Amino acid sequence: MKFIIGNWKMFPASPSEAKTIFSGIKKSMRGVTHAKVIICPPSLYVAQLALLAAKTKIQIGGQNCFKEDEGAYTGETSPRALRAVGATHVILGHSERRAMGETDSDISEKMSAVIRNKLTVILCVGEKARDEHGGYFNEVSTELRSSLLAFPKNEAKRLIVAYEPIWAIGSRAKRVATPADFREMSILIRRTLTEYFGKKDAFAVPILYGGSVDDHNAEGFLKEGGADGLLIGRVSLDPEKLGMIIRSANTI
Ligand code: PGA
């Protein structure tokens, strides 16, 4: 079963557009039995899309949340409320949030909050740049270890890791990573997860690739790269292209 996760970021700008895009994605789910699709819209649309997703196989996730369930925290999103309106997953540690100042320790606290609320974490890790000496391997395993610090050892089933090399994300990406880049890094991620959770649980954690995934390169990451799924930004707002990726994942 492959995971196809859409990260809509701060798009689209109206609930009616969100509904139209979601309906398009829903249509492409016909006959899909071997791909798990999770759409993470801006938090303002989570409740609306969770209602639309209720009788479908699509699940809805948040893109971030706060470390507390409620309180005097102006402007924050409660993980408990996310669950109450129908979300099942929360992305944490996305590089765009880390760039806004989020630290590993913030992420670690948020992870505890998500687990406490029986949601699944989609934890993003990835290096800023690549150097000739392979220092980026260390960067990613350190980031993963620090984010996991407070993660309950018996809750590995509530964790999905997305490897997103920052240099490959978004329209300003230097280049797209290759399936071989992913395969190499996923071995290190699996090893780091094994140190923390033990072999059996670590091998059940899905490791996804993210960064400039489109309908042309998706299959390569899933087949040659051996990715357990994909975290998709821009293209997840295009129901036609996302539909092609979902249908292809369904056959792998
Ligand atoms: P992208 O974004 O697919 O637009 O590169 C991926 C992400 O940031 O999760």
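See above for the structure.
Anyway, here's the lowdown on the structure attached to this text.

The rules behind the values
Residues numbered from 1 in each chain as written. Predicted model: local features only at pLDDT ≥ 70, side-chain atom pairs only at ≥ 80, totals over all residues. Heavy atoms only, no water. Core = buried A, V, L, I, M, F, W, Y, C linked by side-chain atoms within 4.5 Å. Buried < 20%, exposed > 50% of the residue type's maximum accessible area, 1.4 Å probe, protein only. Contact = heavy atoms within 4.5 Å. Near = heavy atom within 4 Å. Areas by Shrake-Rupley, 256 points an atom, 1.4 Å probe, with all protein chains shown as cover. Nonpolar A, V, L, I, M, F, W, Y, C, P; charged D, E, K, R; others polar. Helix = DSSP H or I, 4+ residues; strand = E, 2+ residues; numbered from the N terminus. 1 Å grid on protein atoms, 1.4 Å probe; cavity = no way out; pocket = protein on both sides within 12 Å on 5 of 7 lines; lining within 4 Å. Points joined across faces, edges and corners; volume = space filled by probe spheres on them. Pairing = 2+ DSSP bridges. Right-handed = clockwise from strand over helix to strand, strands pointing away. Expected span 1.5 Å × (residues − 1).

1. With respect to the nonpolar core
Item 1. Counting 67 residues, the largest nonpolar core has Leu-159, Ile-189, Leu-193, Tyr-209 and Leu-230 as the members making the most contacts within it.
Item 2. Discounting chain neighbours no more than four positions away, the residues touching Ile-189 are Val-125, Val-140, Leu-144, Val-161, Tyr-163 and Ile-207.
Item 3. One finds Ile-5, Ile-38, Cys-40 and Cys-124 within the second-largest nonpolar core, a separate group that totals 11 residues.

2. Structural notes on the site of the ligand
Item 1. The full set of residues close to the ligand is Asn-7, Lys-9, His-94, Glu-164, Ile-169, Gly-170, Gly-211, Ser-212, Leu-231, Ile-232, Gly-233 and Arg-234.
Item 2. For the ligand, the protein covers 99% of the area, taking 280 Å² as the surface of the free molecule.
Item 3. Tallied by class, residues from the shell around the ligand come to 3 nonpolar, 6 polar and 3 charged.

3. Some points on the side chain of Arg-98
Item 1. With respect to the helices, strands and loops of the structure, Arg-98 is situated in helix H4 (residues 95–98).
Item 2. Residue contacts for Arg-98: discarding those within four places in its chain leaves Gly-93, Asp-104, Ile-107, Leu-123, Cys-124, Val-125, Glu-143 and Ser-147.

4. Quick look at the layout of surface pockets
Item 1. For the largest pocket, the calculated volume is near 510 Å³.
Item 2. If you go around the largest pocket, you meet 21 residues; those closest to its centre are Lys-9, Met-10, Gln-63, Asn-64 and Arg-97.
Item 3. For the lining of the largest pocket, the residue count by class is 9 nonpolar, 8 polar and 4 charged.
Item 4. Here the second largest pocket defines a volume of roughly 390 Å³.
Item 5. What lines the second largest pocket is a set of 23 residues, and nearest its centre among them are Lys-9, Glu-96, Ile-169, Gly-170 and Ser-171.

5. Digging into the pairing of strand S8 (residues 229–232)
Item 1. Residues Gly-229 and Leu-231 point to one face of S8 and Leu-230 and Ile-232 to the other, with burial holding for every one of them.
Item 2. As paired elements, strand S1 (residues 2–7) and S8 share 4 bridges and run parallel to each other. Its bridge partner being in S8, Phe-3 is matched across the sheet by Gly-229.
Item 3. Pairing between strand S7 (residues 207–210) and S8: 3 bridges, direction parallel. Of the residues in S8, the one forming a bridge with Leu-208 is Gly-229.
Item 4. In this region the chain leaves S7, passes through helix H9 (residues 218–223) and returns to the parallel neighbour S8; the handedness of that crossover is right-handed.

6. Regarding helix H7 (residues 179–197)
Item 1. The terminal C-alpha atoms of H7 lie 26 Å apart, and with 19 residues this matches the ideal 27 Å at 1.5 Å per residue to within 8%.
Item 2. Every buried residue belonging to H7 is among Pro-179, Asp-181, Phe-182, Met-185, Ser-186, Leu-188, Ile-189, Arg-190, Thr-192, Leu-193, Tyr-196 and Phe-197, and all of these are buried.
Item 3. Next to the buried residues of H7 lie strand S5 (120–125), helix H6 (135–148), strand S6 (159–163), helix H8 (199–203), S7 and H9.
Item 4. Once H7 finishes, Gly-198 follows within two positions and takes phi at roughly 90°, a positive value.

7. Looking at empty space enclosed by the protein
Item 1. With the rule as written, the count across this model stands at 1 cavity of 30 Å³ or more.
Item 2. Counted as a void, the largest cavity has a volume near 50 Å³.
Item 3. What lines the largest cavity is Gly-93, Ser-95, Arg-98, Cys-124, Val-125, Gly-126, Glu-143, Glu-164 and Ile-166.
Item 4. Taken together, the elements giving at least two residues each to the lining of the largest cavity come down to H4 and S5.
Item 5. Within the lining of the largest cavity, the residues separate by chemical class into 3 nonpolar, 3 polar and 3 charged.

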